[in-house]
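The residues making up each chain are set out below.
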Amino acid sequence: MSELIGRTPLFELAVSPATGTRLFLKLETMNPTGTAKIRMARAMVLDAERRGRLGPGGHIIESTSGNTGLGLAVVARERGYRFTAVVDNHACKAKLNAMRAMGATLEFVSDDGDDGLSTSAREERAAELAEQTGAYFPAQHANPANGVGYVALAGELVADLGHVDVLVAAVGTGGSLFGTARGLREKGCDPRLIGVEPEGSIAFGGPGHDYWQSGTGTPIGAEPGVHVDQDLHLIDERDRVKVSDVNAFATTRALASHLGLLIGGSSGSSVYAALTRIDEFPCHSTVVVIINDDGEKYLDTVFDDEWMADRDLLDTEREAAVTARLDTHRPAARPDPRERAALRHLHYALPDDYAVEHGLTGRPLRDYADQKVPEATLIHQLELADMPAHEIGELLATGDSGLICLALDKYRQRLEDQAALVAQLLAKLRGTAPEPPGTHTILMPDTSPAAADSASGSATGPAPTAGSTAVPTTATAPVPTDGAATK
C-alpha cells in the first residue's frame, strides 16, 4: 500500500473575481487511509530503521488521535512490525475501528463515555509503555522525520503548478506545513505561510480551552512540537489564524453539500481561512490548501446534525454563507450545472465555441443560448421529449426540419401510448370502461425530388417542409392481461 502514497490530485476550488487569485486544494485524502499523515508515518519508520531503532519483528507504540495511527498501522503491517496505538475517546470511532481492522492494538487512556481530548495523558502512557517493553516510540510531535515525510509533497506541487505563492495548512505537529514549506524552499519557491489552529489551541498564544476539531492544534497541557518550536517564526503574526469549531465545521459541511467533497473538520478550518482571505492576496496569486484528512471518518460526528446540535456547533446560516462565497468565487472552468446544460445545447447546435472563448456565464450565457442561437432552444425541446443526445446530433446534422418533426412526433406518440396504457390499467382496476383513444396526427414530409431540392437545410424551422401531409392515425395501446393488473 505504501507504493500508493503521494501523487495526490489538485482541485481548483475558487478564483477571486477581483484579483484573479486561484485557490487549489491538495487532496491528501487520496492517500491510503485517506490522510496526509501516512507520509510522515512512513518517514518516521524508515528513519528508525536507518538509525537501528527498529529491527525485524519490532514493536511500535505511538500516541495518536487517529490519522497517524492509521498510517503507522499500514506501514507496520507492511514491514512486519507490531503496532500499539495509545488513544482516547475523542478520536472518532471510524478511525479506531480502522486501526483495529489493520491489526493494531488499542490502549485507551480515558473511560467509555469520556470523549474529551487527552493528548498529554496519551503521550505519557505511550512513553511509559515503550520504556517498559523496549518498543520504538516515534513521538511524532518531537520527531524531525515527521516533516521530512512532506518534502515529496512540495515536489508534486511544483511539478503541477510551477510555483506556490501562499501555502495554507492546519498546524498540529507542524509537520505538513513546515515540511512542505521546506521542500518548496529547496526548489526555489518561498511561499507565504498561513498556519491554522482551532480556537482554544495554545501554539499561537491566547487563552486555551477545549475544542472539537480532531488531530490539530495544541491543547492545554500539551507542548508544541519540534517543528512549531523551530519554524513558527516563518509565519507572520497576521497569518497565524485561529478558526472556531463552528466555522470549521460549517465550511466542511458546505463543501460536502454543495460540491460533494468530503473532508475532515480540521481541513475545513484551513479552507475557511483561505476562502475568507482570497480577495486580499496579491493579484494572480496561486494559493494551495493542504487537505489532510477525508470526511468519511466523521459521518457520525461533523456530518451528523444531532451530534452537532447537542454540542451547539450546528449553524446553517454560516453554512449558507460559505456556500454563497463558493458560488461567487466559482472558477470559470467549473460552471454551474445549469450553465453546463446550456453549453451542451450550444455544442450540439453549432457546434459553438463563442460562449467558452468569451467566458460567458450566468445570465449572459442563458441570453446567448436562448436569443442568439435558436438551435439551443430547439435542442432543449428535443431533450424534453426524452430524445437521446446522439439522436439529437444526428437529426441536426441532416438539416431536415421534417425529420425533426417526425422524431418529435415519435417520442410524443410513445408518451401518449404510455398514458393510454395507464388509463386502461386504472379503468380495469376501477371496473370502469376506458375512454376511447384519441387520434394522433403524424406530419409526413414530402419526399418528391422537387421538395428535396428546395429543402433549406436549416434545423431551426418550426414547421414541416412544404408539401407535408397530415395523416390521422389511431394510437391504440395493447390491453394488458388479467395478471398485469393485479396490483
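Please read all numbers here as calculations on a predicted model, not as lab measurements.

Student: Give me the sheet that holds strand 6 (residues 166-170): which residues, what numbers.
Tutor: What the six strands build is an open sheet, ordered 1-2-9-6-7-8; its pairing is mixed. In this open sheet, the two strands that pair with only one neighbour each are strand 1 (10-15) and strand 8 (240-243). Between one strand axis and the next, the sheet turns through 25° on average, direction left out of account. Relative to strand 9 (residues 286-291), strand 6 runs parallel, the two being bridged by three bridges. Paired with V168 across the two strands is V289, which belongs to strand 9. Along the sheet face, helix 6 (residues 151-161) touches strand 1, strand 2 (22-27), strand 6 and strand 9 and points at about 135° away from the line of strand 2.

Student: Summarise the sheet that holds strand 3 (residues 59-63); cite the residues concerned and give the values.
Tutor: Strand order in the open sheet formed by three strands is 3-4-5, and the pairing between neighbours is parallel. The sheet is open, and its two edges are formed by strand 3 and strand 5 (105-108), each paired on a single side. Recorded for the sheet is a direction-independent mean angle of 20° between the axes of neighbouring strands. Sheet topology note: the strand 3/strand 4 (residues 82-87) ladder contains five bridges and is parallel. If you follow H59 over to strand 4, its bridge partner there is R82. Sheet strands touched by helix 2 (residues 67-79): strand 3 and strand 4. Its angle to strand 4, the strand with the most contacts, is close to 170°.

What counts, and where the lines are drawn
Residues numbered from 1 in each chain as written. Predicted model: local features only at pLDDT ≥ 70, side-chain atom pairs only at ≥ 80, totals over all residues. Heavy atoms only, no water. Pairing = 2+ DSSP bridges. Helix = DSSP H or I, 4+ residues; strand = E, 2+ residues; numbered from the N terminus. Axes fitted to C-alpha atoms, helices over the stretch in contact; angles between N-to-C directions. Contact = heavy atoms within 4.5 Å.

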